[in-house]
Amino acid sequence: YKRKKGKQIVTAYGHGLPRVLAVRDQLVQVFLNLILNAMDATEEGGTIEISTSQRKNWLLVSVSDDGCGISLKDQTRLFRPYFTTKSTGTGLGLFVCSRIIEQAGGRIELTESTNEGTVFTISLPVGAASPTELTSTGHDGEDSAQGRESEETRPLDSPSRQDAASSLAEMK
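These numbers were taken from a predicted model, which means no experiment stands behind them.

A word on the overall build of the protein chain. When you go through the protein chain residue by residue, the secondary structure sums to 5 helices and 7 strands. The order of helices and strands in the protein chain, counted from the N terminus, is β-β-α-β-β-α-α-β-β-α-β-α. Burial status across the protein chain gives 37% buried among its 172 residues. Of the contacts formed within the protein chain by residues at least 6 apart in sequence, a portion of 69% connects residues at least 24 apart. In the form shown here, the protein chain has an accessible surface area of approximately 10200 Å², with 48% of it arising from carbon and sulfur atoms.

Put into structure tokens, the structure is as follows:
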């Protein structure tokens with residue numbers, strides 16, 4: 001996979017983390033977007049780190065890179081629709097990520113950005129949301145998860161090293 005060439009992905013997962021009630025595929029979309037953005041920002045030989053921890057009733061997931069950082073001017077517009085700094089970007093990635101995380105009762109933040117790297121942190125409530133709170137609405141106003149709730153909206157355990165390794169292997 002071109003984006004990963006010459007880059008190292010490091011994981012630091014907390015042990016014994018609680019479950020989070022969320023739509024798995026939506027979380028995969030969020031994490032994939034953040035990781036791909038980090039890969040785009042990181043030069044060959046760079047490092048991307050994915051870490052998890054818990055603070056009170058929040059599960060924290062951080063994605064950091066040692067890329068060039070995000071300018072102050074761009075930081076204020078990051079989560080707006082159609083804002084992009086990429087020549088081929090749509091400007092919808094971080095906007096959609098923020099909506100998904102907000103629907104799950106959490107938040108996504110740019111927690112640090114310097115010329116030595118960037119850190120995005122996602123905070124998700126630990127087991128607090130109900131499946132109906134996490135249901136997304138389609139473009140037609142209909143419930144797009146109707147009839148699939150038990151299949152897609154389920155408690156997720158913190159990722160295991162094997163899950164992370166297989167996810168990263170799929171990205172290669």
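After that view of the structure, there is still more to cover.
What follows covers the pattern of salt bridges. One pass over the structure, following the stated rule, counts 4 salt bridges. Residue Lys86 is joined to Asp40 by a salt bridge in which the shortest nitrogen-to-oxygen separation is 2.8 Å. You can see Lys86 sitting in the loop between helix H2 (72-75) and helix H3 (93-103) and its partner Asp40 sitting in helix H1 (residues 24-41), a full 46 residues away along the chain. Judged by relative accessible area, Lys86 falls into the partly exposed class, the value being 32%.

Within the secondary structure layout, Phe79 lies in the loop between H2 and H3. Taking the C-alpha atoms as reference, Phe79 lies 5.3 Å from Leu94; in sequence the two are 15 residues apart. Excluding anything up to four places from it in sequence, Phe79 contacts Leu94, Phe95, Ser98, Ile108, Glu109, Leu110 and Phe120.

As for its placement among the helices and strands, Gly14 is situated in the loop between strand S1 (8-12) and strand S2 (20-23). Taking the relative accessible area as the measure of exposure, Gly14 reaches 25% and is therefore partly exposed. On a C-alpha basis, the gap between Gly14 and Val61 in space is 9.8 Å, while along the polypeptide they are 47 residues apart.

This part is about the nonpolar core. In summary, soluble globular proteins display a tendency toward joint burial of nonpolar side chains. Ranked by internal contacts, the top residues of the largest apolar core, which has 28 residues, are Val30, Leu34, Ile122 and Leu124. At the level of elements, S2, H1, strand S3 (47-55), strand S4 (58-65), H3 and strand S6 (117-125) are the ones that each hand at least two residues to this core. Broken down by element, the residue count for this core peaks at 7 residues, all from H1. Here Ile122 is in contact with Val30, Phe31, Leu34, Leu59, Leu60, Val61, Ile101, Arg107 and Ile108, once residues within four sequence places are set aside.

All right, on to the side chain of Asn33 then. Tracing the sequence through the fold places Asn33 in helix H1. You can call Asn33 buried: its relative accessible area is 19%. Not counting residues up to four positions away in its chain, the partners in contact with Asn33 are Gly93, Leu94 and Cys97.

This brings us to the sheet that holds S1. Taken together, the 5 strands give an open sheet; going across it, the order is S1-S3-S4-S6-S5, and neighbouring strands pair in mixed fashion. Bordering the open sheet on either side are S1 and strand S5 (107-114), each of which pairs with just one other strand. Here the strands of the sheet are splayed against their neighbours by 15 degrees on average, with no regard to which way each runs. Inspection of the sheet shows S1 paired to S3 by 5 bridges, in the parallel sense. Its bridge partner being in S3, Val10 is matched across the sheet by Glu49. The strands touched by H1 within the sheet are S1, S3, S4, S5 and S6, with S4 carrying the most contacts at an inclination of about 25 degrees.

Rules used in this analysis
- Residues numbered from 1 in each chain as written.
- Predicted model: local features only at pLDDT ≥ 70, side-chain atom pairs only at ≥ 80, totals over all residues.
- Heavy atoms only, no water.
- Helix = DSSP H or I, 4+ residues; strand = E, 2+ residues; numbered from the N terminus.
- Buried < 20%, exposed > 50% of the residue type's maximum accessible area, 1.4 Å probe, protein only.
- Contact = heavy atoms within 4.5 Å.
- Areas by Shrake-Rupley, 256 points an atom, 1.4 Å probe, with all protein chains shown as cover.
- Salt bridge = Lys/Arg side-chain N within 4 Å of Asp/Glu carboxyl O.
- Core = buried A, V, L, I, M, F, W, Y, C linked by side-chain atoms within 4.5 Å.
- Pairing = 2+ DSSP bridges.
- Axes fitted to C-alpha atoms, helices over the stretch in contact; angles between N-to-C directions.

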